[in-house]
Amino acid sequence: ADTTAAKVDSAATQTAAVNADSAAAGFVADTTTPPPSLLEGTEISGAIHGFLKTDQSPYLVTGDLSVAPNATLVIEPGVVLYFKTGTGLYVNKGQLVIAGSKTSPVQMRSAFDRPRSGDWKGVFITGDERAEIRNLQISDAEVAIAVENGSMDLQSTSVENTSVRGVFARNS
């Protein structure tokens, strides 16, 4: 029994010595990091069509965005969309035109100042209307862009930090 106690005491002493050495060297666990902050913007959600303009940007997407059949959504160069957790852009038989430029790309990303992959759902396109996506920077989604039973022209687009897929197409 005395031998076991000596081993336990020795392990405890070594652990204390390692912790003291780490603290002295400046390696201290950060337990004060605040949770990520929500970025600010013009709040939007629900059915959407028409134009998302730069003068109202950035936009804070607080609920799913949907483009209905026969409706068109055009996103102008330089527009920034911040998506809250669990939200996405759903184009169901409508038309999506993301018209970024080389000098003013459209950005879609997490609504948090310290984003993680999978923070938001992504962009989902279905139907006969061809989506046109140019100069888009998309990040922090589960799936950046998914096209199912639809079509898309994709040019000069970057995808980063997704948790499931970058670009996905099925029956398209």
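A few points on the structure. (Residues numbered from 1 in each chain as written. Predicted model: local features only at pLDDT ≥ 70, side-chain atom pairs only at ≥ 80, totals over all residues. Heavy atoms only, no water.)

A closer look at the pattern of salt bridges
Side chains that differ in sign of charge can pair as their charged atoms come close. Tallied over the entire structure, the rule returns seven salt bridges. Note that lysine 53 and glutamate 76 form a salt bridge whose closest N and O atoms lie 3.3 Å from each other. Of the two residues, lysine 53 sits in the loop between strand E2 (50–52) and strand E3 (59–67) while glutamate 76 sits in the loop between strand E4 (72–75) and strand E5 (80–83), which places them 23 residues apart along the sequence. Owing to a relative accessible area of 38%, lysine 53 belongs among the partly exposed residues under this scheme. One salt bridge in this structure joins aspartate 119 and arginine 116, with 3.6 Å as the shortest N-O distance. (Salt bridge = Lys/Arg side-chain N within 4 Å of Asp/Glu carboxyl O. Helix = DSSP H or I, 4+ residues; strand = E, 2+ residues; numbered from the N terminus. Buried < 20%, exposed > 50% of the residue type's maximum accessible area, 1.4 Å probe, protein only.)

Let's talk about the nonpolar core
Core analysis: the largest hydrophobic core is formed by 30 residues, its most contacted members being Ile75, Leu81, Leu89, Leu96 and Met108. For this core, the element with the highest residue contribution is E3, accounting for four residues. For leucine 89, the residues in contact, after removing those within four places along its chain, are Leu65, Val67, Leu73, Phe83, Leu96, Met108, Gly122, Val123 and Phe124. (Core = buried A, V, L, I, M, F, W, Y, C linked by side-chain atoms within 4.5 Å. Contact = heavy atoms within 4.5 Å.)

Topic: the side chain of asparagine 135
Tracing the backbone shows asparagine 135 in the loop between strand E10 (130–134) and strand E11 (136–139). Apart from the residues within four sequence positions on either side, asparagine 135 is in contact with Gly100, Ser101, Lys102, Pro105, Val106, Gln155, Ser156 and Thr157.

Quick notes on the sheet that holds E10
Strand pairing within a sheet occurs via backbone hydrogen bonds; the two strands may be parallel or antiparallel. Ordered by their spatial adjacency, five strands build an open sheet running E2-E4-E7-E10-E13, and the pairing between neighbours is parallel. Two strands in the sheet have a free side with no partner beyond their single neighbour: E2 and strand E13 (151–155). Pairs of neighbouring strands in the sheet enclose a mean axial angle of 15 degrees, with direction left out of account. Where E2 and E4 come together, three bridges link them in parallel fashion. Considered in E4, the bridge of phenylalanine 51 is made with valine 74. (Pairing = 2+ DSSP bridges. Axes fitted to C-alpha atoms, helices over the stretch in contact; angles between N-to-C directions.)

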